[in-house]
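What follows is the residue order along each chain.
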Amino acid sequence: MSFALSEVSVRYAASAQRASLSGISLAAQPGEQIALIGPSGAGKTTLLQVLACGIAPTEGKLELFGQQPWSMPDAGRHAMRRRLFLAPQTPPLPPRQRVVTAVLAGMLPQWSIGRALRSLFAPVAAERAFEALSRFDLGDKLYLRVDRLSGGERQRCSLARLLVSEAGLLLVDEPLSALDPVLAERTLAVLQQEARDRRATLACSLHQVDLALARFPRIVGLRDGRIMFDLPREAVTDDMIAKLYRDAGAPGGQADMDAPAEPGQPARQPLAARCF
């Protein structure tokens with residue numbers, strides 16, 4: 001088992017009216033690929049941060065690779081983090097850093113302190129960074145400064161870090177938000193192939209529902225910090241998607257997942273044309 005969440009809840013403050021995650025139970029085997037979908041604020045990012053040991057559950061239990069990280073000493077939990085990789089939606093790339101150095105940061109968990117310091121001045125595995133960048137069509141950016149990259153290039157630079165890591169659990173948050181449709185398709189294909197090649201578990205949050213349904217065998221729909229469905233993609237219907245996103249963000253309203261569509265509503269766009 002790569003990970004298992006059992007009735008996990010996260011509340012950032014005791015006085016918060018609503019938990020960021022509430023009663024989440026979810027598990028994945030090595031090699032599984034899961035798309036997390038749902039409206040903004042549904043809890044997708046928080047769920048990925050919990051899996052990355054960045055946030056401790058307020059309630060419930062998290063297991064990673066058969067162990068409970070929050071029952072370990074800090075050193076043991078830090079060592080476990082070497083086996084996972086979190087790619088945030090907004091990459092934390094120092095603007096004045098060279099791209100080669102930014103990418104090689106994905107190898108830091110496997111390096112000694114001495115090797116990491118040497119690499120700041122003379123990159124010790126520049127060929128690995130070049131190969132990773134080339135898979136995202138960024139090989140020519142190897143020695144540029146990060147602040148010379150466009151938003152989409154920075155996003156792919158961050159994902160190149162994932163390719164040079166040795167993680168077995170890949171957690172990717174909105175990796176396509178700054179990419180055009182063609183680049184989005186190609187970028188997602190690279191991530192999924194990498195996960196297959198190393199038999200890693202991939203959990204990826206997406207607003208592109210059409211891509212999620214086309215490319216991921218398992219779809220988890222989140223809303224208001226709860227899992228509304230966890231199904232094979234063949235079992236996810238247009239009606240379920242519409243209810244997941246209906247009135248998202250409206251004051252005081254949680255979508256009723258069992259409610260029929262209101263009469264007189266305009267016809268929905270075809271699923272492939274929708275991005276939430």
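Look up a bit, the structure's there.
Residues numbered from 1 in each chain as written. Predicted model: local features only at pLDDT ≥ 70, side-chain atom pairs only at ≥ 80, totals over all residues. Heavy atoms only, no water.

### Looking at helix α7 (residues 181-197)
Here is step 1: In a regular helix each residue adds 1.5 Å, so 17 residues correspond to 24 Å; α7 covers 24 Å between its end C-alpha atoms and thus fits that length.
Here is step 2: Among the residues of α7, L183, A184, T187, L188, V190, L191, Q192, E194 and A195 are the ones counted as buried.
Here is step 3: Where α7 is buried, its residues meet β3 (33-37), α5 (126-135), α6 (151-164), β6 (169-173), β7 (201-205) and α8 (209-215).
Here is step 4: A side-chain oxygen of the first residue of α7 lies 3.0 Å from the backbone nitrogen of V182; this N-cap is D180.
Here is step 5: With its phi angle positive at about 50°, R199 sits one or two positions after the end of α7. (Helix = DSSP H or I, 4+ residues; strand = E, 2+ residues; numbered from the N terminus. Expected span 1.5 Å × (residues − 1). Buried < 20%, exposed > 50% of the residue type's maximum accessible area, 1.4 Å probe, protein only. Contact = heavy atoms within 4.5 Å. Polar contact = N/O pair within 3.5 Å; in protein donor to acceptor, adjacent residues only side chain to side chain.)

### So, the side chain of S2
Here is step 1: With respect to the element layout, S2 can be found in the segment before β1 (3-10).
Here is step 2: If sequence neighbours within four positions are ignored, S2 has contacts with A28, Q29, P30, E63, L64, F65 and T201.

### A short note on the sheet that holds strand β4 (residues 59-64)
Here is step 1: Strand order across the open sheet formed by three strands is β2-β1-β4, with antiparallel pairing between neighbours. Edge positions in the sheet fall to β2 (21-28) and β4, since each has one partner strand and no second. Pairwise comparison of adjacent strand axes, ignoring direction, gives a mean angle of 15° for this sheet.
Here is step 2: Bridge count between β1 and β2: five bridges; the pairing is antiparallel. Within β2, the residue paired with V8 across the bridge is I24.
Here is step 3: Helix-sheet contacts for helix α1 (residues 44-51) involve β1, β2 and β4, and the interaxial angle to β1 is about 125°. (Pairing = 2+ DSSP bridges. Axes fitted to C-alpha atoms, helices over the stretch in contact; angles between N-to-C directions.)

### Observations concerning the pairing of β7
Consecutive side chains of a regular strand alternate in pointing toward one face of the sheet and then the other.
Here is step 1: Of all the five residues making up β7, five are buried; the element is thus mostly covered by neighbouring parts of the structure.
Here is step 2: Burial along β7 is two-sided: the face carrying T201, A203 and S205 and the face carrying L202 and C204 are both buried.
Here is step 3: Relative to β7, β3 runs parallel, the two being bridged by four bridges. Note on β7: the bridge partner recorded for Q33 is L202.
Here is step 4: One crossover worth recording links β6 to the parallel β7 by way of α7, and it is right-handed. (Right-handed = clockwise from strand over helix to strand, strands pointing away.)

By themselves, these observations are geometric and do not establish any function.
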